[in-house]
Structures are given as C-alpha cells and as structure tokens.
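The lines below spell out each chain.
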Amino acid sequence: MKIITGNYKGQKLKYIKNKLLKPTTSIIKKILFSWLLPFIKNTKCLDCFAGTGALSLEAISNKAKYVTLIEKNYKIFNIIKKNFYKININKYNLLNKNCITFLKKKKITNFDIIFLDPPFYIINLNKIIQIINNYNIININGLIYIETFLYNNIIIPKSWYLYKHKIKHNIKFFLYIKN
C-alpha cells in the first residue's frame, strides 16, 4: 500500500492484516482525490475511521492544511503513528478514541472535509451521519466522503448535496457538499 497522489506520491505505508481493516483501494483513492483536488488545498480534514491513515496521508500529500484521525483499535493506531513519523508529517492529530465519543464533544472544531470509511459490517453509519449533521461538525460547503458496502442503506440529511458518486465492485462511494 502506498500514497498514490500529491507531494508524497510513492511513499509506502505499513499496515496490519486485520479482518476489521478494509483499506480504500488505489483505484477508489485515485477517483476520490481527483474529485477533491479543486477543493483540498488548506483544508482541515477529519478521518473518522482512520484504518491505515491512507486517506489522511493522501489529503496532506495534496496540500490539506491539517488532518485529525480517529482510530479506536490501538494496534492500528500505532501503525498510523509510524506511517506519519516515517514520512515526517506533523500536520495531524491522531486520537485513539471511539468515533461517536469524539464527535459528540462540545468544543469540536468544524472541518472542511470529513472521510467516513468505516468497517462495512460493524458501524451504524446512519448514526454517525446524523451526529455530524446535528452537531454541525462540517462547515457550510464542506465535503463529506462516504464509502460503504453496496447494499448498506444510508440516510443522507437534506442539507447535503450529492456532488459525485460511483460504484466499484461491491463498494459504493459518494462525495457530498453540505449546503
């Protein structure tokens, strides 16, 4: 696995094999960051289920200002830390927490881009989407990326506009803009 776009293109990433870890494929990352390229410079990003940290590393590689990563699995959390250290990136905040606990904090900063790529069969994605919307965690005109299993039914708030979407194999992925 490696960074596929931007300043750090080609940097190899460590990751552990874990049935809960489902890294975003290179093809999907390439599509996603082609969608994000006009918007990503100087943004604050939130990676709610960081996994390998690849989406956040791609964001920094493409000139995002800062990323906050949430990963509750401690072993995976440590691998992410090693990847950021290896590449010598310091524009991040990595938290070993439950995503819902983090999102419900009262003094959370607003983000310009949020990545929602949870384990497909474990997380109630609709609950996370509702919290993000109700707690105003995403800025107006902010972007929300959602990746999920093809047959998962997600409910999107009326204030989120579908900007782009695609299906690859059994995965559907979307980019929404908050109005």
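Everything below is about the structure shown above.
To keep things clear, this report deals only with the structure shown in the data block.

## Digging into the overall build of the protein chain
Part 1 of the argument: Scanning the protein chain for helices and strands turns up five helices and seven strands.
Part 2 of the argument: Computed over its C-alpha atoms, the radius of gyration of the protein chain comes to 15 Å, within 12% of the 16 Å expected for a compact globule of 179 residues.
Part 3 of the argument: C-alpha extents for the protein chain along the principal axes are approximately 40 × 40 × 35 Å.
Part 4 of the argument: Across the 179 residues in the protein chain, those meeting the buried criterion constitute 49%.
Part 5 of the argument: Put simply, of all contacts in the protein chain between residues at least 6 apart along the chain, 67% involve residues at least 24 apart.
Part 6 of the argument: When the accessible surface of the protein chain is split by element, carbon and sulfur atoms take 52% of a total near 9,400 Å².
Part 7 of the argument: Here the protein chain contributes 31 positive and 6 negative side-chain charges, whose respective centroids are spaced 2 Å apart.

## Quick notes on the nonpolar core
Part 1 of the argument: Counting 35 residues, the largest nonpolar core has L32, F33, L36, A59, F115 and Y145 as the members making the most contacts within it.
Part 2 of the argument: Residue assignment for this core shows that the elements contributing at least two residues are α1 (26-36), α2 (54-61), β2 (66-70), α3 (74-87), β4 (111-116), β5 (138-149) and β7 (171-178).
Part 3 of the argument: Ranked by residue count, the leading element in this core is α1, at six residues.
Part 4 of the argument: Residues in contact with F33, not counting those within four places in the same chain, are T5, I40, L55, E58, A59, N62 and F115.

Thresholds applied
Residues numbered from 1 in each chain as written. Predicted model: local features only at pLDDT ≥ 70, side-chain atom pairs only at ≥ 80, totals over all residues. Heavy atoms only, no water. Helix = DSSP H or I, 4+ residues; strand = E, 2+ residues; numbered from the N terminus. Rg over C-alpha atoms; globule rule 2.2 N^0.38 Å. Buried < 20%, exposed > 50% of the residue type's maximum accessible area, 1.4 Å probe, protein only. Contact = heavy atoms within 4.5 Å. Areas by Shrake-Rupley, 256 points an atom, 1.4 Å probe, with all protein chains shown as cover. Lys, Arg positive; Asp, Glu negative; His and termini not counted. Charge placed at Lys NZ, Arg CZ, Asp CG, Glu CD. Core = buried A, V, L, I, M, F, W, Y, C linked by side-chain atoms within 4.5 Å.

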